[in-house]
Amino acid sequence: MTPEAIFKRLQEKFGEETVFDFHEVSDKNRDAWFQVAPFEIEPVCEYLKTEPDLAFDYLESMTGVDYPDDKKIVVVDHIYSYGHKHRVILKAFLDREDPAMPTLVNVWSTANWHERECFDLLGVLFEGHPDLRRILLPDDWEGHPLRKDYEEKEEYHGIPTQRPNPIELYKIGVPGKDKKAS
Amino acid sequence: MSEVIFTNEMDEEMTLNMGPHHPSTHGVLRFIIQSDGEIIRKAVPDVGYLHRSIEKIAERNTYPGFMPYTDRVDYVAAMFSNECWSMACEKLMGIEVPKRASYLRVISCELNRIASHMIALGAMAMDIGAVTPFPWTLREREYINDFTEELCGARLTYNYHRIGGVSWDMPKGWADKVKRWLDNFEPIMKEFDRLITLNDIFVKRLANVAVITTEEAKDWGLVGPNLRASGFAWDLRKEDGYSVYPELEFNIPVGKGEMGTVGDCWDRFYVRVEECKESAKILRQALDKINEHPEDDIVGRLPKKMKPEGEAYARVESARGDMGCYVIGKGGEEAYRAKFRTGSFTAMSIIEAKSPGLFLADLVALIASFDVVAPEIDR
Amino acid sequence: MSANLNLMAPPKGLDAKYSDDQGSVITTNVDQVINWLLNWGRSNSVWYLLFGLACCAIELMQTGGPRGDLERFGAAPRPSPRSSDLFIIAGTLTYKMALRVKRLYDQMSEPRFVISMGSCSNCGGLFQYAYSVCKGVDQIIPVDVYVPGCPPRPEALLEGLLKIQEKIKNEKYLQRRYGVVGA
């Protein structure tokens, strides 16, 4: 099924409040995508998985993107169907100050670790997740690094985070910038 | 004399730490295991010991300048990550790749697939306890390292593909060298089968261990040889038909449960052995067909400035499964967001669900059969 | 005793460092003999700790493999820090792992040596702008030999090992431990 047909199907079932804003394939978007209201995402995904025409059984990837200018954090889900070989891309726009959305663990088990990664790197809270804790960074890390306004701390447990640049430290002449250097 | 009553509440469980430093070749992974003697009750993986923030670095490097970092996303099979990033950027910017470059990509990727599987098979045998196959496979990998060194200058982290094509053409006589090596390689795979794949003890260790059905594999997001071993014939080279794979003939090995149940550890091992043989077939065909295309036509037409706007998702069939790259551009020279979807990340997540009831030694076999590498998990 | 008992004569170069005469082992001082013996034994059986973190670990395995054979120098891989002399840090060190590296280094028994293999453990490598990478392993533990490369070739790592062997051969172990005069 084409992405447009899937979008129309979902809109018929769930209404325009839940599933909206369809972008078709263009120069800017190489794949078609549409928005889903964040707090209704679980019934939509359940329908996508169980309906025999759609049969989306593979959550390919869940990405979090930070847009500080729009004050939004977007969670992008790429979902694919092995049976019908079609793909759909859902986007959920969350508020940047307080990003939260329901979990998709009950629909696809693989969402468990994807959501933990989103939480770790961007700070999105997934309600209903069985075990939401940091996965890639140490447990006592402060901050969410993939946000655009993340600042690195000076040191971690006594280990300095920056190393002095040897070119500046030892005043090494770099060819091209320094006339004296060869 | 009073009686000693043993009750079930006398918890004899111990918490073990299969720590980040362990003599296995899969990288720094940690498992916190709660076990009752030999039988595991719960094994929780703890990852992130190799988190090198490659995705954050993508936000400060230009699109072509990010290529060396993609090598480090999966260093055992680095050509595939290179290809994935270049395909995603080409899709984003609308660049076409010439045929000869596509053939060179296929040749380098299939060589790298054999090299990656060599490490996977050798490491799996070594984890079970058989130390001999590991140097055997390392010897074959040394020859492949020599070939790639002649082709692109590096043995491990190649940085060979470019956005729009590849960086260098084949040197003269390289194709004949690879064909001579392939003549040598195929009998060695048969010897390898006799040594370890069909070995009684090896089969007994691996058959019927941690069976994963197709439904579970799809639900947990397993890809690549792990998914094919569960009986589901799915290979992106046939399904998506990207690059020049539609012009080449090859089969897809699928797990059939010959020595146990479909989807056990032995099937995952055997699928990789068969994939090496198929890759050898693909290499022979590609090395012949590349001569039909003019030499030195290796990079397509590139835009003057790479400042794309928009987003794209591309995927390749890497040695460890379906590797996808999602890139967002916002009109700047750097990418706004780059995300790599790797097969090992989802393979690690299934271990917690599959481990209760296994023996400790079987857990090692399970991790080895998934062929996880730490950088793919942590990026 | 005549100088014919030259069975264990130290080579000429070593001789020059330890003593003035050209004679055999028997005529040199006892502590110099013991130093030479210990260093000969130690340098030709440097057992390294299998500690591969990232890409350099694959090159470490290839170095231990059939072509660039590490074992012909006597270097065997050991899984435990208590039974190894050499700590080859191969790969990128992250902060999460750095605490464990310090613990492993503390658990190794003396004399212990450290090779920092590859750019990432020398100085952070190409991950200078990463927030989670420790910029060089020498911020945590003292390093004896730095092997540059990304990843270094097996031959480069072998040269690093040879430099460690040279360093061991110049050790004056007894003088350092017991303060014997004549160091």
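Residues numbered from 1 in each chain as written. Chains lettered and ligands numbered in written order. Predicted model: local features only at pLDDT ≥ 70, side-chain atom pairs only at ≥ 80, totals over all residues. Heavy atoms only, no water.

Participant: How would you summarise unusual backbone geometry if you had to cite specific residues and measurements?
Facilitator: A cis amide bond links E110(C) to the next residue, P111(C), at an omega of -10 degrees. Tracing the backbone shows P111(C) in the loop between α4 (95-107) and β4 (113-117). Along the chain, C150(C) connects to P151(C) via a cis peptide bond; the corresponding omega equals -10 degrees. Structurally, the position occupied by P151(C) is in the loop between β5 (145-147) and α6 (154-169). A positive phi is found at N159(B), a non-glycine position, where the angle reads about 55 degrees. Structurally, N159(B) is set in the loop between α5 (133-152) and β4 (161-162). By relative accessible area, N159(B) is classed as partly exposed at 22%. Positive phi, close to 55 degrees, is recorded for S243(B), a residue that is not glycine. Following the sequence through the fold, S243(B) ends up in the loop between α10 (236-239) and α11 (265-289). (Helix = DSSP H or I, 4+ residues; strand = E, 2+ residues; numbered from the N terminus. Buried < 20%, exposed > 50% of the residue type's maximum accessible area, 1.4 Å probe, protein only.)

Participant: I'd like a rundown of the sheet that holds strand β1 (residues 14-18) of chain B, residues and numbers included.
Facilitator: Residue and element names in this part refer to chain B. Strand order across the open sheet formed by 3 strands is β1-β2-β3, with antiparallel pairing between neighbours. Each edge of the open sheet is held by one strand with a lone partner, namely β1 and β3 (39-46). Pairwise comparison of adjacent strand axes, ignoring direction, gives a mean angle of 20 degrees for this sheet. As judged from the 5 bridges shared by β1 and strand β2 (residues 30-36), these two strands associate in the antiparallel manner. Across the sheet, M18 pairs through a bridge with F31, a residue of β2. Each of β1, β2 and β3 touches helix α13 (residues 360-370); the most contacted strand, β1, lies at about 35 degrees to it. (Pairing = 2+ DSSP bridges. Axes fitted to C-alpha atoms, helices over the stretch in contact; angles between N-to-C directions. Contact = heavy atoms within 4.5 Å.)

Participant: Outline the side chain of E140(B), listing residues and values.
Facilitator: Residues and elements named next belong to chain B. With respect to the secondary-structure elements, E140 resides in helix α5. A polar side-chain atom of E140 sits 3.4 Å from a polar atom in the side chain of W181. Residues contacting E140, with those up to four places away along its chain left out, are M118, W181, F185 and I188. (Polar contact = N/O pair within 3.5 Å; in protein donor to acceptor, adjacent residues only side chain to side chain.)

Participant: Requested: an account of the packing of aromatic side chains, with residues and values cited.
Facilitator: The full count for this structure, using the stated rule, is 30 aromatic pairs over all chains. Aromatic pair Y63(B) and W85(B): ring centres 6.2 Å apart, planes at 20 degrees, arrangement stacked. One end of the pair, Y63(B), is in the loop between α1 (54-57) and α2 (67-71); the other, W85(B), is in helix α3 (residues 78-93), with 22 residues separating them in the sequence. According to the relative accessible area criterion, Y63(B) is buried, its value standing at 0%. Within the aromatic cluster, the residues linked to one another by ring pairs are Y63(B), F66(B), Y69(B), W85(B), F340(B) and F127(C). When the ring centre of F345(B) is taken as origin, the NZ or CZ atom of R379(B), which lies over that ring, is 5.2 Å away. Residue placement shows K96(C) over the ring face of Y49(B); its charged tip is 5.0 Å from the ring centre. (Phe/Tyr/Trp six-rings, centres within 6.5 Å; stacked < 30°, edge-to-face > 60°. Lys NZ or Arg CZ within 6 Å of the ring centre and 35° of its normal.)

Participant: Tell me about the pattern of salt bridges, residues and numbers included.
Facilitator: Residue and element names in this part refer to chain B. Taken as a whole and judged by the stated rule, the model has 59 salt bridges over all chains. A salt bridge links E55 to R379; the nearest nitrogen and oxygen atoms lie 2.9 Å apart. Here the residue E55 occupies a position in helix α1, and R379 occupies one in the segment after α14 (374-378), the gap between them amounting to 324 residues. Owing to a relative accessible area of 4%, R379 belongs among the buried residues under this scheme. Among the salt bridges present, the one from D169 reaches R100, with a minimum N-O distance of 3.2 Å. (Salt bridge = Lys/Arg side-chain N within 4 Å of Asp/Glu carboxyl O.)

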